[in-house]
Amino acid sequence: MTVIDEPLEFVPLKGLRFDNRFSSQLQADPVAENRIRQVHGSFFSRVQPTRTANPQLLAVSNEVMDMVGIERSEVSSKNFARVFSGNALHTDMDPHASCYGGHQFGNWAGQLGDGRAINLGEVIGDEDTHFMLQLKGAGRTPYSRSGDGRAVLRSSIREFLCSEAMFHLGVPTTRALSLCTTGDQVMRDMFYDGNPAYEPGAVVCRVAPSFIRFGNFEIFTSRGEITELEALLEFVIGNHFPHLGKPTAKTYVAFFREVVDSTAEMIAHWQRVGYVHGVMNTDNMSIHGLTIDYGPYGWIDNFDVDWTPNTTDRAHKRYRFGNQPAVAHWNLAQLANALVPAVGEVDPLQSALDDFIPIFNSYWAEMMASKLGLPSLETDLSRDVADGLFDLLGAAETDMTIFFRRLMEIETSTELENVDSHTVVPLIDAYYSEADFHESVNGRLVDWVRLYLQEVKQLGIHDEERTAIMKTANPKFVLRNYLAQLAIDAAESGDITMTHQLLDVLRNPYDEQPDHAEWAAKRPDWARHRPGCSMLSCSS
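What you see is a predicted model, and the numbers here were worked out from it, not measured in a lab.

Participant: Residues and numbers for the overall build of the protein chain, please.
Facilitator: Per the secondary structure count, the protein chain includes 16 helices and 16 strands. Rg of the C-alpha trace for the protein chain: 24 Å, near the compact-globule value of 24 Å for 540 residues, within the 12% margin. In terms of its C-alpha atoms, the protein chain occupies a principal-axis envelope of roughly 75 × 55 × 45 Å. Here the protein chain, with 540 residues, has 59% of them falling under the buried criterion. Of all intrachain contacts in the protein chain linking residues separated by at least 6 positions in sequence, the fraction that spans at least 24 positions is 74%.

Participant: Outline the pairing of strand β14 (residues 197-208), listing residues and values.
Facilitator: Burial runs high along β14: nine of the twelve residues are buried. Direction of pairing for strand β12 (residues 151-152) relative to β14: antiparallel, over a ladder of two bridges. If you follow Val152 over to β14, its bridge partner there is Gly201. With ten bridges connecting them, strand β13 (residues 175-188) and β14 associate as antiparallel partners. In the sheet register, Val186 faces β14, and the bridge partner there is Glu199.

Participant: Kindly report on the packing of helix α9 (residues 347-354) against helix α10 (residues 356-372), identifying the contributing residues and their values.
Facilitator: Running from N to C, α9 and α10 point in directions that differ by 25°, and their axes come no closer than 5 Å. As the angle between them shows, α9 and α10 are arranged roughly parallel. For the pair formed by α9 and α10, the contact residues are Ala352, Leu353 and Asp354 on the first element and Phe356, Ile357 and Pro358 on the second. Considered class by class, the residues forming the contact of α9 with α10 number five nonpolar, no polar and one charged.

Participant: Before we move on, could you go through the pairing of β13 and cite the residues and values that matter?
Facilitator: Two faces, one strand: in a regular strand the side chains alternate between the faces of the sheet. Most of β13 sits inside the fold, with ten of its 14 residues counted as buried. Pairing geometry for strand β5 (residues 56-60) and β13, over four bridges, is antiparallel. Looking across to β13, one finds that Val60 is bridged to Ser178.

Participant: So what about the environment of Asp447? Which residues, and what values?
Facilitator: Note on placement: Asp447 falls in helix α13 (residues 439-459). Taking relative accessible area as the criterion, Asp447 reaches 48% and is therefore assigned partly exposed. Along the sequence, Asp447 and Ser421 sit 26 residues apart, while their C-alpha atoms lie 9.9 Å from each other. In terms of polar contacts, Asp447 uses its side chain to reach the side chain of Arg450, at 3.1 Å.

Participant: Give me the lowdown on the side chain of Ser61, citing residues and values where you can.
Facilitator: Assignment of secondary structure puts Ser61 in the loop between β5 and α2 (62-68). Overall, Ser61 belongs to the buried group, its relative accessible area being 0%. Excluding residues that lie within four positions of it along the chain, Ser61 makes contacts with Phe160, Glu164, Arg175, Ala176, Leu177 and Arg507.

Participant: Pulling in residues and values, what's your account of the pattern of salt bridges?
Facilitator: On inspection of all chains with the given rule, the structure shows 31 salt bridges. Among the salt bridges present, the one from Arg528 reaches Glu397, with a minimum N-O distance of 2.7 Å. Residue Arg528 is found in the segment after α16 (497-505), and its partner Glu397 is found in the loop between α11 (380-393) and α12 (400-407); the two are separated by 131 residues along the sequence. With relative accessibility at 26%, the residue Arg528 sits in the partly exposed group. Under the relative-accessibility criterion, Glu397 is labelled buried at 18%. Between Asp429 and Lys522 there is a salt bridge; the shortest N-O distance is 3.3 Å. Of this pair, Asp429 sits in the loop between α12 and α13 while Lys522 sits in the segment after α16, and the two are 93 residues apart along the sequence. Put simply, Lys136, Glu159, Arg206, Arg213 and Asp293 are held in one network by salt bridges that share partners.

Participant: Can you explain unusual backbone geometry? Please cite residues and give values.
Facilitator: In the Ramachandran plot, Phe105 falls in the positive-phi region, its phi being about 50° despite a non-glycine side chain. Summarising the element assignment, Phe105 is placed in the loop between β8 (101-104) and β9 (107-111). By relative accessible area, which is 27% here, Phe105 ends up partly exposed. The phi dihedral of Asp293 falls on the positive side, at around 65°, and the residue is not glycine. In this structure Asp293 comes out as buried when scored by relative accessible area, which is 11%.

Calculation rules
Residues numbered from 1 in each chain as written. Predicted model: local features only at pLDDT ≥ 70, side-chain atom pairs only at ≥ 80, totals over all residues. Heavy atoms only, no water. Helix = DSSP H or I, 4+ residues; strand = E, 2+ residues; numbered from the N terminus. Rg over C-alpha atoms; globule rule 2.2 N^0.38 Å. Buried < 20%, exposed > 50% of the residue type's maximum accessible area, 1.4 Å probe, protein only. Contact = heavy atoms within 4.5 Å. Pairing = 2+ DSSP bridges. Axes fitted to C-alpha atoms, helices over the stretch in contact; angles between N-to-C directions. Parallel < 35°, antiparallel > 145°, perpendicular 65-115°, else oblique. Nonpolar A, V, L, I, M, F, W, Y, C, P; charged D, E, K, R; others polar. Polar contact = N/O pair within 3.5 Å; in protein donor to acceptor, adjacent residues only side chain to side chain. Salt bridge = Lys/Arg side-chain N within 4 Å of Asp/Glu carboxyl O.

Right, here's the structure in full:
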């Protein structure tokens, strides 16, 4: 299928400074037509966004505005909504879609590419840092396969809110600049069950140092295009990892080591806050160790290591919460395989890959210690406390976020022999059902709290010190699935207020914010099995 692009008008936006390194330093697709096809020997295809019927700006992140250098006064201009919905271009933009491949659910899928994302270009932002601006849902590209290149409002709200929520939680992530509706209706079969329906279309502008993925390297190796593989490595080292020095085989290994480290840290953060990505394919893994592509993600309500939010993954649960570290390790192995032709040998890459597990465990131990208010998990007793906690959380339906937050309220001055059911009262609110909090669970909880207090006392940790550490690691507010769905319901009815309110609350997830305490509550029963609150699909 060929898309006929009507030339878009060029308009000004104050503050934007472009330096399009990716599209100026790497080989473009020589075919100018925007038709779906296999693209060989090229890194990207130039393609402009497709016009929409009636673009409207719904929300913007002022912090990201500042980060990329756009003057805040531009938000109220017509040009802002036109540009960031894909209906006009800034003079210096060089819109394009990237070519990459990937392993999906463990199987090689061949060429994938930016099927519904269009990079507008790279800007020089705050402190002379480079950022790529990318529209998601801006129309077909040569990589759209059978898709229409569009996105719908529900998935766009989820991506916009979660990108910013994750950043303020301290989780490495891409950012979101803006959310626009298009005025178009987009047909989607939300659960692939033969019941398609029209939904309002939307576009999110995403921001990252780059959107280069593991799959950008995989596609060239899979095709034997080693010259292109090496050119991409040289570009990445020179522009994103210049501290590693001149591009050589040794430098490529050092680059891989940094990706191993940053990926391990990112996954540890996911586990810390209870985030489940839902579709950890290699084309959804960033070389910068950033959370990327917010599709069928979800937040752990009741602690369950086997939970996945993705309907497509329901049978095999490859991307379940407890399996995310193992999948990251597997994905890194695929990146290592892709780098072998450039490095020339396997052993250095294997050595770097073997470090993933100890690096992840180190990050996780550090974060887990902070969640417990302990200086480390270096003692036998502290490790017993940590290990015993997750067995306890799985023994009954327990809200992970609330449990850790309420743990700050435990009276550590209580003598060990006096630890009883009264001591653990602050934790009861974390349980979803009184029936689950029966005598056996109560007894296990009391025993665990006694063990925890024993370690606190032995280490001589003062309560102020303990709670200060815990408050930085245990958010009160996360983007619970049902909250996102309520915001979507309101927006689809024309009310964007809750999206704005959530954005504000999630900017300070570790603060008490008593005026919004209801948004820190457990998942309500009505949301237990409702679409969008319990399970999602890759449909957007």
